[in-house]
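# Chain and residue survey
Read off the chains here:
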Amino acid sequence: MRIKIRDMLLMFADMFLVYLVFNLCYHYCRLYINAEGLYMEALGALIPIYFVVLFIFGTYRSLWQYAEAWEFLLCMIASVTAGAVYFVISRWVFDDKIPFYFYMLVATTTGFALVSLRLFYRVYRDYVTGAKRIGSGKKRVMIIGCGHACYTMLAEIKSARKCDILPVVGIDDDTSKVGKRVNGLYIAGTSADIEKYAKKYRVEEIVIAIPSATNAARAELLERCSKTGIEVKILPGLLDFETENQKFLQKIRDITPDELLGRECVSVISDEVLSFICGKTVLVTGGGGSIGSELSRQVAANSPRRLIIVDIYENNAYDIEMELRRKYGEKLDLKVIISSVRDYSRMDHLIRTYKPDLIIHAAAHKHVPLMESAPAEAVKNNIFGTYNVAKAALVNKVPRFIMISTDKAVNPTNIMGATKRVCEMIIQSMNEAKDCKTSFSCVRFGNVLGSNGSVIPLFKKQIADGGPVTVTHPDIIRYFMTIPEAVQLVLVTGAMAAGGEIFILDMGEPVKIVDLAKKMISLAGKKIDIEFIGLRPGEKLYEELLMNEEGLRTTSNKKIHVGRPIDFDSEVLKKQLNELWDIVSDDNCSDEAMMTLVEDKLHEIAPTFVRAEQNV
């Protein structure tokens, strides 16, 4: 083993302490020891014994500025062991000329001296590094939750050469901890005192260090923190620490959307659902998007025979492909295909070639304002893209087909919502087709937290850019669900669907968007104005999950409901779709005329499509 200069200095310091302690003990006891001539012999045996035993016990392999309690205990045990060895050897060499109490005094005093040397060094290092941090321009941080996670994080902060945070006060709801210290950090009060101590200690950032907390508990803490106007960070749940080898400091992150809203993720997955995926070939259209990529992850995690991802946008498709190949390697039979759902012959070829057991149709244009200015593209991609994939599934007798819809399809007031309502009608008509061997169903989502183009990523970007944060209307509300919830619902429908259903998830209470914006601004530690810009074309103040004509029945899972399909004439729908295709295929039509023609035809196909101003 290579011995460094630092280790050699510690060895010399230890031997000097042994020599010093022996001399003190010897001179203290010399009036009672009748062994004056044995001084050199006794000392000559003592120093080598302590050196060898301390070395064998590995006390010179510890970095004492970072040492834990067990390392100090090990040093004491090594010292006691050395004293015992010295006693045995001395009794054998010197008989009874040196009394037993002298050995006890030497062993005990030497042990305390050696441990004290290391403790002194540890305290000195902590003082020096602490002194360097003070006044260094680092953020003054309040840590909420003073348990194991806090202790570990503080230890990392002390040992880190470069760290931009300086913990100044702790908060914990365990009143037995209040007034005490954890790894040097003073615990000043409970969560009820957050605002008070944030001001007193001039806190610049708050870190919530409670990995075991539920989203509801975190939301309550975030509500208190938002009153301080200080930026808030968070340590993730315990599961994240189990799945990734990262230190606590590396894990400190921004607040996620579901933590912000305080919603626990609705779990609807069962072993029956997961076994439904196992051994099956699954094709996901739009597999690189926010929902599609999470679908691909969850399908891949449940041992499919093959996963086929179809997407027109190669960057997204590449990202999810690389992620899945890194994680699963050769264990996953993965095929990524760049193609458009607008091309029926291509979709038919893919389905005939790969023979999927389940198709999840997630490909769609979903941005409401953009589709208002490009109605023909919305129709081509959403309506006829769905028609192409569904028809190919029907022709090739794919066992199950699930289409992802939206709450905007309920009494739609915009082009995007109207196209998705027509998609639901297409799926229903396919399910009722003669000799249909495919089970067709729809999944109706609310707004998906954190998905591309959703409100929370928009607010985060606006806050990062210094504002203003734009909200369309002070009274606008929305239902929200997390991406994992949305994906679970899709997989559940695959196991539960008999055909023709529209599945709806219980999403709890709707959220007022302006309140969400205010909380995000406060938790970012910023002072940013909120600007009301007015409802966008086709936008509602609130979304609905069911149309008046639809009944609602529960399933075996109380979090999932099924809407009764509305009756319509499938032959009439087919004729109307042909007429709609002729409209959107006319490249010579002006934008204004196209909007009018598309809107009129969509209203004819889906009579519940009424512009917001017409509902007044």
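Here we summarise the structure given alongside this text. If you're wondering where the values come from, they're calculated on a predicted model, not measured in any experiment.

The rules we used
- Residues numbered from 1 in each chain as written.
- Predicted model: local features only at pLDDT ≥ 70, side-chain atom pairs only at ≥ 80, totals over all residues.
- Heavy atoms only, no water.
- Helix = DSSP H or I, 4+ residues; strand = E, 2+ residues; numbered from the N terminus.
- Buried < 20%, exposed > 50% of the residue type's maximum accessible area, 1.4 Å probe, protein only.
- Pairing = 2+ DSSP bridges.
- Right-handed = clockwise from strand over helix to strand, strands pointing away.
- Expected span 1.5 Å × (residues − 1).
- Phe/Tyr/Trp six-rings, centres within 6.5 Å; stacked < 30°, edge-to-face > 60°.

## Examining the overall build of the protein chain
The secondary structure content of the protein chain amounts to 22 helices and 21 strands. Looking at the 616 residues of the protein chain, the share that counts as buried comes to 51%.

## Some details on the pairing of strand β7 (residues 281–285)
Within β7, 5 of the 5 residues are buried, leaving the element largely enclosed by the surrounding structure. Burial along β7 is two-sided: the residues T281, L283 and T285 and V282 and V284 are all buried. Sheet topology places β7 next to strand β8 (residues 306–311); 5 bridges connect them, and they run parallel. Bridging from a neighbouring strand, L283 pairs with I308 of β8. Chirality of the crossover, the property in question, places the unit of β7, helix α12 (residues 290–300) and β8 among those that are right-handed. Across 4 bridges, the pairing between β7 and strand β10 (residues 358–361) is parallel. By the bridge assignment for β10, L283 is matched with I359.

## Let's talk about unusual backbone geometry
In the segment running from G467 into P468, the intervening peptide bond is cis, with an omega of 0 degrees. Here P468 is to be found in the loop between α18 (455–464) and β14 (469–471). Phi is positive for N183, which is not a glycine, with a value near 50 degrees. Its place among the elements puts N183 in the loop between β3 (181–182) and β4 (185–189). Take N183: its relative accessible area is 18%, and that puts it in the buried class. Despite not being glycine, S303 shows a phi value in the positive range, around 55 degrees.

## Some details on helix α19 (residues 483–496)
When the terminal C-alpha atoms of α19 are compared, their 20 Å separation across 14 residues agrees well with the 20 Å that a helix rising 1.5 Å per residue should span. Of all 14 residues in α19, 11 are buried; the element is thus mostly enclosed. Inspection of α19 places I483, E485, A486, V487, Q488, L489, V490, L491, V492, T493 and G494 among the buried residues, and these make up the whole buried set.

## Thoughts on the packing of aromatic side chains
Taken as a whole, this structure holds 4 aromatic pairs when the rule is applied. Arranged with centres 6.3 Å apart and planes meeting at 25 degrees, the rings of F51 and F55 form a pair that is stacked. Linking F51 with F55, this pair stays in helix α2 (residues 39–56), spanning 4 residues, or about one helical turn. Under the relative-accessibility criterion, F51 is labelled partly exposed at 32%. On the basis of an interplanar angle of 45 degrees and a centroid distance of 5.2 Å, the ring pair of F401 and F440 is categorised as tilted. Here the residue F401 occupies a position in strand β11 (residues 400–406), and F440 occupies one in strand β12 (residues 439–445), the gap between them amounting to 39 residues. For F401, a relative accessible area of 0% translates into the label buried.

Just geometry here; none of it tells us what the structure is for.
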